[in-house]
Amino acid sequence: MLKMNPPIFTLLIVSSAFSLFGCTAKTGCSQSNTQCFGPSKGVIKANTVLTNSLTMPNLDPNFDYIRLNMNGHIAWLARGANDQWPSLNTEVFYSADRAVFKWSNGRLISVTTPEYNWRERTDYALNWSVKKPQQLIREIDTVDGITGVRERRELSDGEMPEHNDFVGDQTSLHWVHEYTISTSRAMQAQPSFDSWYAFDANNMNKPVYGQQCISKRYCLTWQVWKTS
């Protein structure tokens, strides 16, 4: 059953411009490099990038937020629903222009914007606290319109990535690195992208931060944002 929070669209401070910006790395994002995950370049507001990346909106403490860095530009997403589809305990977040981002069990599983869509499906919910390395199989529909890309992924405990945009004290974080170890023969020509997740070292149940690319053009980081 869909559980809706109070209406949110008038409460969102930051408008998105997710279709306007691509990764500025010379070769785009690829495989395991982290060059597209550096510090933010500015805040997205009213479809304009404010160069002062420290600018903070007045966030309503009654809502849960995600700080999203899309290709170096910041937006805050507000949670508007808890859904049981396509996965159990799906958290649905919205931008001011109604782009929709969905997380399940701390994994980004859906991005829907006016310009593109991306989806991930896994056979079962990941137990983050299981001893690593561990594996999962996922199927993604890509930004480029290719559907049913099947990948076997592996997760292992890792070091802090060379580039990240986590805000706050990083000394207590535990990092998990996720990467593709095999794809179906038909999909071997398609690019695959590594992901990194950060956990509070005392709580491995759900990540507080993640970074990943959904195409060579679109890379994002997200962080659970506390308003207090």
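Described in the following lines is the structure provided in the data block.

### Remarks on the overall build of the protein chain
Each helix and strand in the protein chain was counted, giving 0 helices and 15 strands. For the protein chain, the residues scored as buried account for 50% of the 228 residues in total.

### Digging into the environment of Ala186
Along the chain, Ala186 turns up in the loop between strand S12 (173-183) and strand S13 (195-200). Ala186 sits 37 residues away from Val149 along the chain, and the two C-alpha atoms are 8.7 Å apart.

### Concerning the layout of surface pockets
Estimated volume of the largest pocket: approximately 280 Å³. In terms of lining residues, the largest pocket is bounded by 15 residues, among which Ser87, Ser104, Thr122, Tyr124 and Ala125 are the most central. Listing elements by their share of the lining of the largest pocket, those giving two or more residues are strand S8 (107-112) and strand S9 (117-122). Considering each element in turn, the lining of the largest pocket owes the most residues, 3 residues, to S9.

### Some words on the environment of Phe166
When you line up the elements, Phe166 lands in the loop between strand S11 (149-158) and S12. As for Phe166 and Gly210, which are separated by 44 residues in sequence, their C-alpha atoms are 8.7 Å apart. The residues contacting Phe166, other than those within four sequence positions of it, are Leu173, Val208, Tyr209 and Gln223.

### Let's talk about the nonpolar core
One broad trend across soluble globular proteins is that nonpolar side chains are buried collectively. Counting 28 residues, the largest nonpolar core has Phe101 and Trp103 as the members making the most contacts within it. Going through the elements one at a time, strand S4 (65-70), strand S7 (100-104), S8, strand S10 (134-141), S11, S13 and strand S15 (219-225) are the ones with two or more residues in this core. At 3 residues, S4 tops the list of elements feeding residues into this core. Counting 11 residues, the second largest nonpolar core, distinct from the first, contains Cys36, Phe166, Trp175 and Ala198.

### Comments concerning the packing of aromatic side chains
To describe a pair of aromatic rings, you give the distance between the ring centres and the angle between the ring planes. Taken as a whole, this structure holds 9 aromatic pairs when the rule is applied. Ring geometry for Phe101 and Trp103: centres 6.3 Å apart, planes at 25°, overall stacked. Phe101 sits in the buried class, given a relative accessible area of 0%. Relative to Tyr209, the ring of Phe166 lies with its centre 5.8 Å away and its plane at 80°, an arrangement referred to as edge-to-face. Within this pair, whereas Phe166 is found in the loop between S11 and S12, its partner Tyr209 is found in strand S14 (residues 209-213), the two being separated by 43 residues in sequence. A single burial state applies to Phe166 and to Tyr209, both of which are buried. Linked through ring pairs, Phe93, Phe101, Trp103 and Trp222 together constitute an aromatic cluster.

Thresholds applied
- Starting from 1, residues in each chain are numbered consecutively following that chain's sequence as written.
- The predicted nature of this model means local features are confined to residues of pLDDT at least 70 and side-chain atom pairs, given and counted, to a pLDDT of 80 or more, with totals for whole chains, interfaces and linings taken over all residues.
- Just so you know, side-chain values use all the structure's heavy atoms and leave hydrogens and water out.
- Helical segments are the DSSP runs of H or I of at least four residues, strand segments are the runs of E of at least two, and each set is numbered from the N terminus.
- Exposed residues in this analysis have more than 50% of their type's maximum accessible area, buried residues have under 20%, and partly exposed residues fall in between, with area computed by a 1.4 Å probe over protein chains only.
- Of the two site types, the cavity is a set of points on a 1 Å grid over the protein atoms alone where a 1.4 Å probe fits but cannot get out, and the pocket is an open set with protein on both sides within 12 Å along at least five of seven lines, each lined by residues with an atom within 4 Å of a point.
- Grid points are joined across faces, edges and corners, and a volume is the space filled by probe spheres set on the points.
- Residues count as neighbours in contact if any of their non-hydrogen atoms are within 4.5 Å of one another.
- Here, the term nonpolar core denotes a set of buried Ala, Val, Leu, Ile, Met, Phe, Trp, Tyr and Cys residues that are joined through side-chain atoms within 4.5 Å.
- Aromatic pairs are defined between Phe, Tyr and Trp rings, using the six-membered ring for Trp, whenever the two ring centres lie within 6.5 Å; interplanar angles under 30 degrees are classed as stacked, those over 60 as edge-to-face, and all others as tilted.

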